[in-house]
Amino acid sequence: MSQNNTVPLPGNETLLGVVEQMLCELARELPQGARPQKEALLAMLHSGERKLNLFFIKLLPHEAVTAFRRDSAWRDKLYSALRGAIVSLKPPLLDPRAVRRLVSEAALWPLAEVRKAPDLWAARIIVALPCKPENPLPLVSLRALIGALLPMMEARLPRVESLERLDSLYLYIERELAAEPPVDRFVRRALELFGRESEEPDEEPGEIIAAYRLLAMRVPDTLERLEPSAEKDKMLVAIKEATGFQTPDELRLEFKKRTMARADELMKEAGDFEQLLELRFFFDQIGERSNRGLLSRKAGELARGMNVRAQGYELLGKLSMAELDEDGLLELVPAVMGKAESFVLGAPRRFLRRLMKFYLETAVPLLRSLKNKPEKVPRLIQNFKRQVGLLNKYDGLDDLVLTIQRKMVLAICCPQMLSEAPERVLSYLTHLPPEFYPPEVMKAIREMVRESGADYCFTAADVLRILAVYPPAEGEEEEEEQEQGGSPAEEIERLIRFKQGRPPKPAGEQG
């Protein structure tokens, strides 16, 4: 018996690699727009082109190459196996060179267009792969490519360690491969991860969101699309054994409840506003309102240590103040308004617009409502003092609201506004509640409007005119402002002196 008879024939993966090389060779000679055909591959095989020998030498292991050269019987078997691999291909066949060329742009095309072009679709499948392939992908036909990827994706399920990755894998199979995922296996793995994540102290909001997307949205939608069949019945039985439910509506409701309960638990442990906002956004996306008491309590806790300059802009834009109860606002309003001047100092004008919206729509209604709730005023004052200095004293709510509005005046009259939009300053000042101005200040602003109109271009001297009629401030000291070299009031003072051509005050000189 010839020793070559013991050399095994190459597997299907290697055979498809040879077919891929043949397709590359055929595509070079095809006119533009033409696609390689199975008949051309068979003709190339039957012709015995010498290039085929080069492909075998390139892809076959050493002992197989030796058998190919020395044993005609083994060589015939190889050709027969290659012929079988070609015959089993289902069109459309791919142009491997075009697929590799399109990889760089495949993600930019609309999915509807991608599905019309086999080479582009294959490139999209490659670029969207959620994990690195274990073996070379066969770029010979769409069905062969998808057929190689599906078992690879399923084999990875037990090794997936996060719900986000599991969800992306499910979406890849459904969207990119246009195939049906093994739904029951995904459900079982998701439940394993969901149960394990509940014990993790540092669980991320993204895991909750992914669990909802997969179990309450994608899985029920897939089950509704599947046509009745014995395979679907087996899948439904497996899902019921794992979850206790099997109809799409039951699954949606059950996993909506479970993920909402988990989100509430995670909200209690949120360590920063980024997590809190992500969880609040989750509730908004599923059409539910978050637990108002829990959200308010947590927002209040986080507000005490919040860095307004670093986090304030995103917070005021993403957190719906209407969802916070009074207890939460009693913490958040002092935290923001206590740092109003530093919030806008050196920041773009949009920061001031967002601060104005928060002050007029959230802070002012709260301050007005507290006139009928004197028992809550001490808490408001204490929270405000925590931001501006505990040694400051305020003679009740009326004194505090005057101080808060004075901070808004300083924020509106910041150097950026005086240099970039001086015509808006007086208009902004007239939008602040008149009853929160000291009478002398309100009188000065009215005189300015009568003399110059609401669109008057404010100057540094006008700022000084308003500050001159304001009662003496308590002298709040803010660490952030001191690190920047002075308070907003001092910045305005320096701007006034600069425009008047006067030298700046020596450090430490009192005004």
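Residues numbered from 1 in each chain as written. Predicted model: local features only at pLDDT ≥ 70, side-chain atom pairs only at ≥ 80, totals over all residues. Heavy atoms only, no water.

A. Molecular detail of the overall build of the chain. Scanning the chain from terminus to terminus reveals 28 helices and 0 strands. Within the span of the chain, comprising 511 residues, buried residues form 49% of the whole. Sequence-distant contacts in the chain: of pairs separated by 6 or more residues, those separated by 24 or more amount to 69%. Accessible surface, the chain as shown: approximately 25,600 Å² in total, 51% of it carbon and sulfur. (Helix = DSSP H or I, 4+ residues; strand = E, 2+ residues; numbered from the N terminus. Buried < 20%, exposed > 50% of the residue type's maximum accessible area, 1.4 Å probe, protein only. Contact = heavy atoms within 4.5 Å. Areas by Shrake-Rupley, 256 points an atom, 1.4 Å probe, with all protein chains shown as cover.)

B. Spotlight on the packing of aromatic side chains. By the definition in use, this model includes 10 aromatic pairs. Both rings, one in Phe56 and one in Tyr79, keep their centres 5.8 Å apart while their planes meet at 80°; by these two values the pair is edge-to-face. Pair noted here: Phe56 is in helix α3 (residues 50-59) and Tyr79 is in helix α5 (residues 72-87), with a separation of 23 residues, a long-range link. On the basis of relative accessibility, which here comes to 1%, the residue Phe56 falls in the buried class. Of the residues examined, Tyr79 reaches a relative accessible area of 15% and is grouped as buried. Summarising the aromatic geometry, the rings of Tyr212 and Phe282 are spaced 5.7 Å apart at their centres and angled 80° between planes, so their arrangement reads as edge-to-face. Highlighted residues: Tyr212 in helix α12 (residues 205-225) and Phe282 in helix α15 (residues 273-285), separated in sequence by 70 residues. An identical accessibility class is assigned to Tyr212 and Phe282; each is buried. (Phe/Tyr/Trp six-rings, centres within 6.5 Å; stacked < 30°, edge-to-face > 60°.)

C. The side chain of Ser141, seen in detail. Note that Ser141 resides in the loop between α8 (118-127) and α9 (142-156). Within the structure, Ser141 has its side chain in polar contact with the backbone nitrogen of Ala144 (distance 3.0 Å). (Polar contact = N/O pair within 3.5 Å; in protein donor to acceptor, adjacent residues only side chain to side chain.)

D. Structural view of the packing of helix α17 (residues 308-318) against helix α20 (residues 349-369). Their axes nearest at 10 Å, the elements α17 and α20 cross at an angle of 50°. By the angle between their directions, the pair α17 and α20 is classed as oblique. Taken as a pair, α17 and α20 cross one another with a handedness that is left-handed. Between α17 and α20, the contacting residues are Tyr313, Glu314, Leu316 and Gly317 on the first element and Arg350, Phe351, Arg354, Leu355 and Phe358 on the second. Here the residues of the contact of α17 with α20 sort into 5 nonpolar, 1 polar and 3 charged. (Axes fitted to C-alpha atoms, helices over the stretch in contact; angles between N-to-C directions. Parallel < 35°, antiparallel > 145°, perpendicular 65-115°, else oblique. Left-handed = near helix turned anticlockwise from the far one by under 90°. Nonpolar A, V, L, I, M, F, W, Y, C, P; charged D, E, K, R; others polar.)

E. The arrangement of the nonpolar core in detail. Core analysis: the largest hydrophobic core is formed by 134 residues, its most contacted members being Leu149, Leu332, Met337, Leu429 and Phe458. Listed in part, the 30 residues of the second largest apolar core include Leu42, Met44, Leu78 and Leu89. (Core = buried A, V, L, I, M, F, W, Y, C linked by side-chain atoms within 4.5 Å.)

F. Local environment of the packing of helix α10 (residues 163-176) against α12. With their axes 8 Å apart at the nearest point, α10 and α12 run at an angle of 30° to one another. The orientation of α10 relative to α12 falls into the category roughly parallel. In this structure, α10 crosses over α12, and the sense of that crossing is left-handed. Between α10 and α12, the contacting residues are Leu163, Glu164, Leu166, Asp167, Tyr170, Leu171 and Glu174 on the first element and Gly206, Glu207, Ala210, Ala211, Arg213, Leu214, Arg218, Val219, Thr222 and Arg225 on the second. Per-class residue counts for the contact of α10 with α12 are 8 nonpolar, 2 polar and 7 charged.

G. Geometry of the environment of Leu93. Here Leu93 lies in the loop between α5 and α6 (96-102). The sequence separation of Leu93 and Leu139 amounts to 46 residues, and the corresponding C-alpha distance is 8.6 Å. Ignoring sequence-local partners within four residues, the contact set of Leu93 consists of Leu23, Arg35, Pro36, Gln37, Lys38, Leu41, Val140 and Ser141.

H. Examining the pattern of salt bridges more closely. In the structure shown here, the tally under the stated rule is 30 salt bridges. Between Arg189 and Glu192 there is a salt bridge whose closest N-O contact spans 2.6 Å. With Arg189 and Glu192 both in helix α11 (residues 183-197) and 3 residues apart, this pair spans about one turn of that helix. A relative accessible area of 12% places Arg189 in the buried class. Glu192 sits in the partly exposed class, given a relative accessible area of 48%. (Salt bridge = Lys/Arg side-chain N within 4 Å of Asp/Glu carboxyl O.)

I. Quick peek at the side chain of Arg218. By secondary structure assignment, the location of Arg218 is in helix α12. Residue Arg218 is classed as buried on the basis of its relative accessible area, which comes to 18%. There is a polar contact of 2.7 Å between the side chain of Arg218 and the side chain of Asp167.

J. Local environment of the confidence of the model for the chain. In the predicted model, the chain carries a mean pLDDT of 85, and the fraction of residues at 70 or more is 90%. For the stretch residues 498-504, pLDDT sits under 50, and the model shows 4 contacts to residues farther than four places along the chain or on other chains. (pLDDT = per-residue confidence, 0-100.)

K. Representation of a negative patch on the surface. Among the surface-exposed residues, Glu164, Glu204, Asp272, Glu274 and Glu278 lie close enough to one another that they form a single negatively charged patch. Considering the arrangement of structural elements, one finds Glu204 in the loop between α11 and α12. Exposure remark for Glu204: the relative accessible area of 43% places this residue in the partly exposed category. (Patch = residues over 30% accessible without salt bridge, like charges linked within 9 Å, V, L, I, M, F, W, Y side chains within 5 Å. Lys, Arg positive; Asp, Glu negative; His and termini not counted. Charge placed at Lys NZ, Arg CZ, Asp CG, Glu CD.)

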